[in-house]
Amino acid sequence: MRLSRYFLPVLKETPSEAQIVSHRYMLRAGMIKQQSAGIYSWLPMGFKVLRKIENIIHEEQAKAGHIPMQMPTLQTADLWRESGRYDGYGEEMLRMKDRHDRDMLFSPTAEELFTDVFRAHVASYKDLPLTLYQIQWKFRDEIRPRFGVMRGREFYMKDGYNFDLTKEDALHAYNRHLVSYLRTYERMGLQAIPMRADSGPIGGDDTHEFLVLADTGESEVFYDSEVTDLTFGDREIDFDSVEQCQAVLEEFTSRYARTDETHDEALFDQVPEERRRVARGIEVGQIFYFGTKYSEAMNATVQGPDGKPTPVHMGSHGIGVSRLLGAIIEASHDDKGIIWPEGVTPFHVGIVNLKQGDEEADAACEALEKSFEALGLEPLYDDRKERAGGKFATMDLIGLPWRITVGPRGLKNGVVELTSRRTGESEELTPEQAVAKVVEIYAKHHVRGL
Ligand code: 5CA
């Protein structure tokens, strides 16, 4: 992509309405535009990162055997009356009427819709286990939308629903989601710690939230510092194996880690004092097991092995997809701008031409651009007739993890400069070496085809 042909409306001024760094940088880097409180347009750069995050989620869900589909954003109130949640959900639910005076609503979550599809099409226990999910826009009329995409009214969520014959099977689905989410967040360059939480309006007893530690987080969290030493890494796991998923669950959830809603001072006191931590965190996901709450209310049964109708055991599992952009930036930035982790960066490498119009420099940049594209990587080539300082400032703000600087002086010696956004370190390499090095880095980050 050539920057001169792209749509990247960078702001010079720091927008005064933005209170936290991720919101400021998302506005300044031309990623989003606010349309009304808690409702945003996703400009190309923001949309691109949203898609990268979504792709990681789809790939990891596929590994866990979960099946994607898509539900409507508008639902009739009838389903919610059946489950008993219509009156109780309160003012967070955006309600409206269609031309026939029917009560409709904009989906704040989709337990009812998925249960309805399930009961219409699944009749036998032989079709279980089943986990369906979607990535879809949700609306919650939050009383205090704030911090940009972090607490929106319209927001993008991955929501998954498991249907199982027994409680035991449903708990395996719960564990499988926990393991799958650990992998998902790590691929985005995040450490998200599973913490025992409160189930709120979704219901049920078993629930964990995933929290990214950050001073600007909305939740107060209490944990044993040993939890921050844990990483899932590249280990292979058989998601069908109850024992393997159970072992990971125990490894990641046995130490004390709770949000303020479930915090227990007496239990916390049993953690050695030097390991006790109180901090703030951003909730980027939550998993629930709620048994037969919805299946009983909505008559979602299957024929069991004994021939009798049996209500299915369910859970639901959410990832705050649009919130993740904010969380990633909170966790990875400096005073110049965003520092994207390789797994979600909108473009893999920036190419800065120090002397646009110089025949040799232009040719070298174009050759680099073509090499990357041929290899399946996405370069962003700053081909504007601008001063070098301005080009560097834009690159630093938008946060591509790698930058190649090309200028007539280097080219005389046959070299370009490869710079890491994270460390600021540069090295002089031939263009071929620079391409090879960038390719090697991304090969580790599951870029398709490398
Ligand atoms: N049905 C369940 C699981 S699919 C559910 O709705 N869970 S939730 O309420 O916890 O939402 C899932 C995730 O969406 C949260 O962990 C959070 O990361 C994100 N989320 C919730 N509300 C907002 C909001 N107002 N703005 C941005 N993201 C949000």
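Numbering of residues begins from 1 in every chain and follows the order in which that chain's sequence is written. In keeping with the predicted nature of the model, local features appear solely for residues at pLDDT of at least 70, side-chain atom pairs appear and are counted solely at 80 or more, and the whole-chain, interface and lining totals rest on all residues. Values reported for side chains reflect all heavy atoms of the structure, with hydrogen atoms and water molecules removed beforehand.

**Student:** Help me understand the layout of surface pockets, please; the structure alone is not making it clear to me.
**Tutor:** To locate leftover empty space, one rolls a probe as large as a water molecule over the atoms. Cavities and pockets are found on a 1 Å grid laid over the protein atoms alone: a cavity is a set of points where a 1.4 Å probe fits but cannot escape, a pocket is an open set with protein on both sides within 12 Å along at least five of seven lines, and a lining residue has an atom within 4 Å of such a point. Grid points are joined across faces, edges and corners, and a volume is the space filled by probe spheres set on the points. Taken as a whole, the largest pocket spans an internal volume of roughly 900 Å³. If you trace the largest pocket, you find 41 residues lining it, with Arg140, Arg151, Glu283, Gln286 and Arg323 closest to the centre. Numbering goes from the N terminus for both helices and strands, where a helix is a DSSP run of H or I of at least four residues and a strand is a run of E of at least two. Broken down by secondary-structure element, the contributors of at least two residues to the lining of the largest pocket are strand S8 (154-164), strand S13 (276-291), strand S16 (313-320) and helix H9 (321-331). Here the lining of the largest pocket gets 7 residues from one element, more than from any other, and that element is S13. Following the grouping adopted for this structure description, the nonpolar residues are Ala, Val, Leu, Ile, Met, Phe, Trp, Tyr, Cys and Pro, the charged ones are Asp, Glu, Lys and Arg, and the polar ones are all others, Gly among them. A breakdown of the residues in the lining of the largest pocket according to their chemical character gives 12 nonpolar, 16 polar and 13 charged. In this structure, the second largest pocket spans a volume of roughly 380 Å³. Residue assignment for the lining of the second largest pocket shows that the elements contributing at least two residues are helix H2 (44-63) and helix H5 (167-187). Of the residues belonging to the lining of the second largest pocket, the class tally is 3 nonpolar, 5 polar and 10 charged.

**Student:** In this structure, what is going on with the packing of aromatic side chains? I would like to understand it.
**Tutor:** Given two aromatic rings, one states the distance between the centres and the angle between the planes to describe the pair. To pair, rings of Phe, Tyr and Trp, with the six-membered ring standing in for Trp, must have centres within 6.5 Å; the planes then decide the type, stacked if under 30 degrees apart, edge-to-face if over 60, and tilted in the middle. Taken as a whole and assessed by the stated rule, the structure comprises 13 aromatic pairs. Arranged with centres 5.4 Å apart and planes meeting at 85 degrees, the rings of Tyr6 and Phe347 form a pair that is edge-to-face. Here Tyr6 is found in the segment before helix H1 (21-28), whereas its partner Phe347 is found in the loop between strand S18 (337-338) and strand S19 (349-353), with 341 residues between them in sequence. Exposed residues in this analysis have more than 50% of their type's maximum accessible area, buried residues have under 20%, and partly exposed residues fall in between, with area computed by a 1.4 Å probe over protein chains only. The exposure class of Tyr6 is buried, given its relative accessible area of 16%. A relative accessible area of 2% places Phe347 in the buried class. Ring centres of Phe106 and Phe139 lie 5.8 Å apart, and the angle between their planes is 55 degrees; this geometry places the pair in the tilted category. Taken together, the positions of Phe106 in strand S6 (residues 103-106) and Phe139 in strand S7 (residues 130-139) put the pair 33 residues apart, joining distant regions of the chain. Pair check on accessibility: Phe106 and Phe139 agree, each one buried. Over the face of the ring belonging to Phe232 we find Arg235, whose NZ or CZ atom lies 4.7 Å from the ring centre. Counted as over-ring charges are cases with an Arg CZ or a Lys NZ within 6 Å of the ring centre that also lie within 35 degrees of the ring normal.

**Student:** What's the story with the packing of helix H10 (residues 359-374) against helix H13 (residues 431-443) in this structure? I'm lost.
**Tutor:** Describing two packed helices takes the angle between their axes plus the distance from one axis to the other. Here, axes are lines fitted to C-alpha atoms. For helices the fit covers the stretch in contact, and angles between N-to-C directions go from 0 to 180 degrees. Axis separation between H10 and H13 bottoms out at 11 Å; the angle between their running directions is 30 degrees. On the basis of their axis angle, the class for H10 and H13 is roughly parallel. The crossing of H10 and H13 is right-handed. In contact with Leu368, Ser371 and Phe372 of H10, H13 contributes Pro431, Val435 and Val438. Within the contact of H10 with H13, the residues separate by chemical class into 5 nonpolar, 1 polar and no charged. Roughly parallel refers to an angle under 35 degrees, roughly antiparallel to one over 145, roughly perpendicular to one between 65 and 115, and oblique to any angle outside these ranges. Each crossing is labelled by how the near helix is turned from the far one, with a counterclockwise turn of less than a right angle marking it left-handed and a clockwise turn marking it right-handed. Contacts were defined at the residue level, with two residues in contact if any of their heavy atoms lie within 4.5 Å.

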